[in-house]
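Structural description and commentary
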Amino acid sequence: NNQLWGSIPREIGKLTELTQLYLENNQFSGALPSEMNNFTFLQILQTYNNSFTGHLPQDICIGGLIRAIAIHENNFTGPIPRSFRNCSSLVRLRIEGNQLTGNISEDFGIYPQLRYMDLSDNNLLGELSWKWEEFNSLATLKISKNNLSGTIPAELAKTPQLQSLDLSSNRLVGKIPKELGNLKLLELSLDDNNLSGVIPVEIGMLSGLTRLDLAANNLNGAIPKQIGDCSKLLFLNLSKNNFTESSIPTSFDDLSALTIVNISYNELEGPIPLIKAFQDAPFEALRNNRALCGNNTRLEACASPTINKTTGKKGSRVVIVILVPVLCSLFLIVLLVGGFFIIQRRNRNVKADSEKGEQSCEEIYAIWSNDRDIQYENIMKGTEEFDSKYCIGVGGYGIVYKVVLPTGRVVAVKKLHQSQNGEMDDFKAFKSEICVLMNIRHRNIVKLYGFCSHVKHSFLVYEFIERGSLRNVLSNEEQAMELDWFKRLNVVKGIANALAYMHHDCCPPIIHRDISSNNVLLDSEFEAHVSDFGTARLLMPDSSNWTSFAGTFGYTAPELAYTMAVNEKCDVYSFGVVTLEIIMGRHPGDFISTLSLSSSSLSWPTDQHTLEDVIDQRLPFPRNKAANGLILNIKLALACLSANPQSRPTMRQVSSQLNVIH
């Protein structure tokens, strides 16, 4: 992590007792000297993100002690070192982004401790014929953009810990093994191969799957409805295949978490699912199908069902004779009743107008800040009366729109669902709460500019945060990589500071009640901003704290399963979940489940080596200050996840400790 340049001197080979060598993130070039073959005690070698060329030292693993090799993103050429077969102690192996050659069937050995392997973007040949049952610890396997051939072996399912599998952009053939459904995969990328046959229905058993990419193959038949059971799916790409036998399964309506979808270049027809990912999908994601229809501006509306034309003429006459008088009678009744209510309503409106004098019949009640450009008319004009093309998010309490005001300023507008409009029985209390929230001033809390209630709709106006939710950033490969360890530690600190302010510096204190990665927004500098006070309630010290359930499943405190008494400890628990999610790069559901089974887990982790079990594998292994910071963050998160609410720290205590290390 400096700006060192030039080549590595041969004299480095004299360091025969060297155990760890870190050269990453510099500007080194040239070949690694062959004298590095003398490193018989080497355990860690990291040279990634440089401009090294030439062959790798052939005996770099001769000591058999290496645990981590990370040489990715260089220009190494030549064969895979022959000593790689003897690196049985490997835990992490990353050689992606080079020009290495070899046969993976022959050049690699058995690695029982291996957790992460990325061989992508090289010139490797061979078949996936390893003894997969020996890879007991493998969690991530990526071999994309090579020249692998043969089939995907069913034996891959014998790797019990596998969570991420990427075999894209190779020359693999045959069917997708149904046995993959027995794994606990979170990501499955098999795109850009020559796979054929149908998608196995067992894919639907991958309940934790967030990414499924099967594009650019020769898959055929029907899209299995069981994919609709993958409720956590965020990314789905089935484009450029030969799905010809059916429309899109209606079970896809249940994929509410789906963010990105692509089904282009197939032979699909019929309605698209009734979820935002499909309804907002661009033309490129739907193009070149037979006859898709539905609620998307790029598609035609679906036709209404037609009457069966095979019905006999005689039967039709009987039906007509019966239906016509009945329908005419119903029409007259509806006309009379409707006319009565219209007259009554018109009379009430006239009376109301006479009482209101010069006031508008469509009363607008608004609580605005001092910003003159935030006006009802500007919001309506900026969204074209809440046109869906301005929608940037949907939550349980409303739909969020991006609005550009006449001054050029951008704000986020949350249009409340009608159910929320109708529940404002104590409008005076609601107004008081809005005013309190508008007066909050904290760098890590999304600013509320105002509230507007109209006969048609009500909405809240918030500060616009550029990058959107933390959840979306973590699920985006590129942005997740940009969110490095120090930025992630800063995000955790920002959330803690916001909650400490809400709990301890506001009077009365404010309990958020819905802290999740979806309600933490990141700005252009990856600074955290806590958002969405849709479920927040001002907690008066002398009032009852019992209320109806609100929050996001997977983040709510366990005591809410048997009591609805809400206090600040519920936010503390949710903070612990989000902290682990930031560190792991995914929701820590399975990990949290193990905590309840072992009280000893609460003392874990104690050193940098144990970090390898849970940290986001997409980032380089943290060292020094970053590693120490992560260990402290994990310990604090585990304390926040205590089953006993009274044992959890306060957010002021958490914030104080986090601010000491930054």
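All chains use their own residue numbering, which begins from 1 and follows the written sequence. pLDDT decides what is reported in this predicted model: residues at 70 or higher carry local features, side-chain atom pairs at 80 or more are listed and counted, and totals for whole chains, interfaces and linings draw on all residues regardless. Only hydrogens and water are set aside; all other atoms, that is, all heavy atoms of the structure, feed into the side-chain values.

1. Considerations on the overall build of the protein
The number of helices and strands found in the protein is 14 helices and 32 strands. Exposure classes here rest on a 1.4 Å probe applied to the protein chains alone. A residue is buried below 20% of its type maximum, exposed above 50%, and partly exposed in between. Of all 662 residues assigned to the protein, the portion counted as buried reaches 48%. Any pair of residues with heavy atoms lying within 4.5 Å of one another is described as a contacting pair. Counted over contacts in the protein with a minimum sequence separation of 6, partners at least 24 positions apart contribute 53%. The Shrake-Rupley method, run with a 1.4 Å probe, gives the accessible areas here. Residue values count only the displayed protein chains as cover. For the protein, the accessible area works out to roughly 32100 Å², and carbon and sulfur atoms hold 52% of it. Numbering of helices and strands starts at the N terminus; helices are DSSP runs of H or I of at least 4 residues and strands are runs of E of at least 2.

2. Here we look at the UniProt feature "binding site: ATP" (unreviewed entry) in the protein
The UniProt feature table records "binding site: ATP" (unreviewed entry) at K415. Within the secondary structure, K415 is located in strand 26 (residues 410-416). UniProt positions are given in the numbering used here, feature names are shortened, and annotations may be inferred rather than shown by experiment.

3. Quick word on the sheet that holds strand 16 (residues 194-197)
We call two strands paired when DSSP finds no fewer than two bridges between them. The sheet built from three strands is open, its strands ordered 14-16-18 with parallel pairing. Looking along the sheet, the strands with just one partner apiece sit at the ends: strand 14 (173-174) and strand 18 (218-219). Both strand 16 and strand 18 contribute to a ladder of two bridges, which runs parallel. Paired with S196 across the bridge in strand 18 is N218.

4. Section: the packing of aromatic side chains
Under the pairing criterion, centres of Phe, Tyr and Trp rings, with the six-membered ring standing for Trp, must be within 6.5 Å; the plane angle then separates stacked pairs below 30 degrees from edge-to-face pairs above 60, leaving the rest tilted. Following the criterion strictly, the structure yields twelve aromatic pairs and no others. Between the aromatic rings of W130 and W132, the centroid separation amounts to 5.2 Å while the plane-to-plane angle is 45°, which identifies the pairing as tilted. Overall, W132 belongs to the buried group, its relative accessible area being 0%. With a centroid separation of 5.7 Å and 20° between ring planes, the pair formed by W130 and F135 is classed as stacked. Just as W130 is buried, F135 falls in that class too. The rings of F84, F108, Y111, W130, W132 and F135 are connected pair by pair, giving a single aromatic cluster. Only when the NZ atom of a Lys or the CZ atom of an Arg is both within 6 Å of the ring centre and within 35 degrees of the ring normal do we say a charge sits over the ring. One Lys or Arg, K240, reaches over the ring of Y265 and ends 5.9 Å from the middle of that ring. Lying over the aromatic face of W485, R488 brings its terminal NZ or CZ to 5.4 Å of the ring centre.

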